[in-house]
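A structural walkthrough
The lines below spell out each chain.
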Amino acid sequence: MLSAQPDRHRALELLDRTPYGRLSVSMRALPFVTVARHIVSGESVLLRLHGDFGYAQACDGNVVAYGADNLSDRREGDEAVWTVQFVGTARLFVPSGDDLERFGRPPRTADAAPFRAEYLCIEPQFITLHHLEGVPARQAAHSA
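Residues numbered from 1 in each chain as written. Predicted model: local features only at pLDDT ≥ 70, side-chain atom pairs only at ≥ 80, totals over all residues. Heavy atoms only, no water.

The name that an unreviewed UniProt entry assigns to the protein chain is Pyridoxamine 5'-phosphate oxidase family protein, with the source organism given as Streptomyces hiroshimensis.

Looking at chain direction, strand 1 (residues 20-27) and strand 2 (residues 30-41) are connected through 8 bridges and run antiparallel. Residue pairing across strands places Ser24 opposite Val33, the latter belonging to strand 2. Linking strand 1 to strand 2, which pair antiparallel, is a turn of 2 residues; within it Arg28 sits at a positive phi near 55°. Examined bridge by bridge, strand 2 and strand 3 (residues 44-50) share 5 bridges and lie antiparallel to one another. Paired with Val40 across the two strands is Val45, which belongs to strand 3. Adjacent in sequence and paired antiparallel, strand 2 and strand 3 are bridged by 2 residues, among which Gly42 carries a positive phi angle near 65°. (Pairing = 2+ DSSP bridges. Helix = DSSP H or I, 4+ residues; strand = E, 2+ residues; numbered from the N terminus.)

You can see Ala90 is positioned in strand 5 (residues 80-92). The class for Ala90 is buried, based on a relative accessible area of 0%. When the C-alpha atoms of Ala90 and Cys59 are compared, they prove to be 5.9 Å apart, with 31 residues separating the residues in sequence. Other than its neighbours up to four places away in sequence, Ala90 contacts Cys59, Asp60, Gly61, Asn62, Val64, Leu120, Cys121 and Ile122. (Buried < 20%, exposed > 50% of the residue type's maximum accessible area, 1.4 Å probe, protein only. Contact = heavy atoms within 4.5 Å.)

Moving on to unusual backbone geometry. Glycine aside, negative phi is the norm for most residues, and most peptide bonds take the trans geometry. Phi angles above zero are rare outside glycine, and Asp111 is one such case at about 50°. Mapped onto the elements, Asp111 comes out in the loop between strand 6 (109-110) and strand 7 (113-114). Not every positive phi belongs to a glycine, and Ala112 is a case in point at roughly 70°. Taking the relative accessible area as the measure of exposure, Ala112 reaches 73% and is therefore exposed.

Looking at chain direction, strand 1 and strand 4 (residues 63-69) are connected through 3 bridges and run antiparallel. Note on strand 4: the bridge partner recorded for Arg22 is Gly67.

Okay, the packing of aromatic side chains next. Applying the stated rule across the entire model yields 5 aromatic pairs. Measuring from centroid to centroid gives 5.4 Å for Phe53 and Tyr55, while their planes differ by 45°, and the two rings are tilted. Taking 5.3 Å as the distance between ring centres and 50° as the angle between the ring planes, the aromatic pair formed by Phe103 and Tyr119 counts as tilted. Note that Phe103 is positioned in helix 3 (residues 97-103) and Tyr119 in strand 8 (residues 117-122), a separation of 16 residues in sequence. We classify Phe103 as buried; its relative accessible area is 2%. Take Tyr119: its relative accessible area is 12%, and that puts it in the buried class. By way of ring pairs, the aromatic residues Phe32, Phe53 and Tyr55 are connected into one cluster. (Phe/Tyr/Trp six-rings, centres within 6.5 Å; stacked < 30°, edge-to-face > 60°.)

In structure tokens:
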């Protein structure tokens, strides 16, 4: 059996290949999932969320789950699928200038409101990496 450290390193490496994932947390005992922009910084994952939803504030200091995959990034002939999920405690933070540059331009709007960025930092715990081979890329279906 392989040690967990190479899987952790590989999971963070794969996560760094895709810009968006899904953040999950419980709010008032109800689960919710939202999209977030992420970057990997050392052993941490930094997230950018829309501040007007209140999700970053709800996540601050709480255990959250985060996941990303390459399901929508595959091209014809690419039959490798990977998914990365992890849990960790989220903390609000102020990104550095380098972090902001790596995040890139934020969206203009979120649900028709001007996008207002808030940021979370998560140190992943309990990382899960799944890798499937031989999965054909889905072809878009066209109606006749």
